[in-house]
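Per-entry structural report
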Amino acid sequence: MHIEAPKKNISKGDKEVFDYLTDLKNFEKLMPESIEKFVVLNEDKFLFSLKGMPEIVLERKEQIPYNKIVLGAANDKLPFTLTANIKSTEDDASEVTLSFEGQFNAMMAMMVKKPITNFMEKLSENLESIHSI
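As for the overall build of the chain
When you go through the chain residue by residue, the secondary structure sums to 3 helices and 8 strands. Put simply, the chain runs from its N terminus to its C terminus through helices and strands in the order β-β-α-α-β-β-β-β-β-β-α. A compact globule built from 133 residues would reach a C-alpha radius of gyration of about 14 Å, and the chain, at 14 Å, matches this within 12%. Overall, the C-alpha framework of the chain stretches about 45 × 30 × 25 Å when taken along its three principal axes. By the burial criterion, 43% of the 133 residues in the chain qualify as buried. For the chain, the share of sequence-separated contacts (at least 6 apart) that also reach a separation of at least 24 residues comes to 47%.

Laid out in C-alpha cells, this is it:
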C-alpha cells in the first residue's frame, strides 16, 4: 500500500528541514492532536500512540543528508516505512513530500488506509506550519 501526502512548500532550506526531521523529538510537534503518548527511546527510535490506535515504534532506517529520511516500523509484524523526501527549491525554501509504504493483506489495508491517509496529511500540514525549524 502506498500513500503520499500532498507536497508541501516550506520556507526553510533543505539542510534546516533535514536537521529538524533527523532530531526525532521534533516528531512530537508534527503529530495530530489525537496523540496520547510520545516517547523518544533513543536517538534512532521513538514510540507514539494516537487515540484508539495501538502503540507504534518507529526507528530510523536510512538517511541521505538534506534529501531523504526513512523511518520504519521497529516491529516486523506490520512492516511499513514513512519517508520524507526533501527537495531544495531555493537557498531558503524546500519542498517536502511524505510517503507511506506498507505491506498489508487486503483486509488490513482496507481498515488502515483512511486513518493512515489522515495521519500522513496531518504530519505534512504540521510540518508546513512549523516556523521554528
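A few points about the packing of aromatic side chains
For the coordinates displayed, the defined rule picks out 7 aromatic pairs. Ring centres of Phe100 and Phe104 lie 6.1 Å apart, and the angle between their planes is 15°; on these two criteria the pair is classed as stacked. Ring pairing ties together the aromatic residues Phe27, Phe38, Phe46, Phe48 and Phe119, which thus form one cluster.

So, the pattern of salt bridges
In total, this model carries 9 salt bridges according to the counting rule given. In this structure, Glu55 and Lys37 form a salt bridge, with 2.9 Å as the shortest nitrogen-oxygen distance. Of this pair, Glu55 sits in the loop between strand S4 (45-50) and strand S5 (56-64) while Lys37 sits in strand S3 (residues 35-42), placing them 18 residues apart in sequence. We classify Glu55 as partly exposed; its relative accessible area is 44%. Members of the salt-bridge network, linked through shared partners, are Lys45, Glu59 and Lys61.

Some words on the pairing of strand S8 (residues 93-102)
Along a regular strand, successive side chains alternate from one face of the sheet to the other. Burial of S8 is extensive: 9 of the 10 residues sit out of reach of the surface. Bridge count for strand S2 (residues 8-10) against S8 is 3 bridges, and the pairing is antiparallel. By the bridge assignment, Asn9 is partnered in S8 with Glu95. Summarising the sheet, strand S7 (residues 80-90) and S8 pair through 10 bridges and their orientation is antiparallel. From the neighbouring strand, Thr81 faces S8, where its bridge partner is Glu101. Hairpin connection between S7 and S8: a loop of 2 residues separates the two successive antiparallel strands.

Quick notes on the rules
Every chain's residues receive numbers from 1 upward, in the order its sequence appears when written. pLDDT decides what is reported in this predicted model: residues at 70 or higher carry local features, side-chain atom pairs at 80 or more are listed and counted, and totals for whole chains, interfaces and linings draw on all residues regardless. Calculation of side-chain values draws on the structure's entire complement of heavy atoms; hydrogens and water are dropped beforehand. By the criteria applied, helices consist of DSSP H or I runs no shorter than four residues and strands consist of E runs no shorter than two, each listed in order from the N terminus. A radius of gyration in this sense is built from C-alpha atoms; the matching globule rule multiplies 2.2 Å by the number of residues raised to 0.38. Burial here depends on accessible area, computed with a 1.4 Å probe over protein chains only, as a share of the maximum for the residue type. Under 20% is buried, over 50% is exposed, and the range in between is partly exposed. Two residues form a contact once any of their heavy atoms are found within 4.5 Å. Note on aromatic contacts: the rings of Phe and Tyr and the six-membered ring of Trp form a pair at centre separations within 6.5 Å, being stacked when their planes are under 30 degrees apart, edge-to-face when over 60 apart, and tilted otherwise. Any Lys or Arg side-chain nitrogen located within 4 Å of an Asp or Glu carboxyl oxygen qualifies as a salt bridge. If DSSP finds at least two bridges between two strands, the strands pair.

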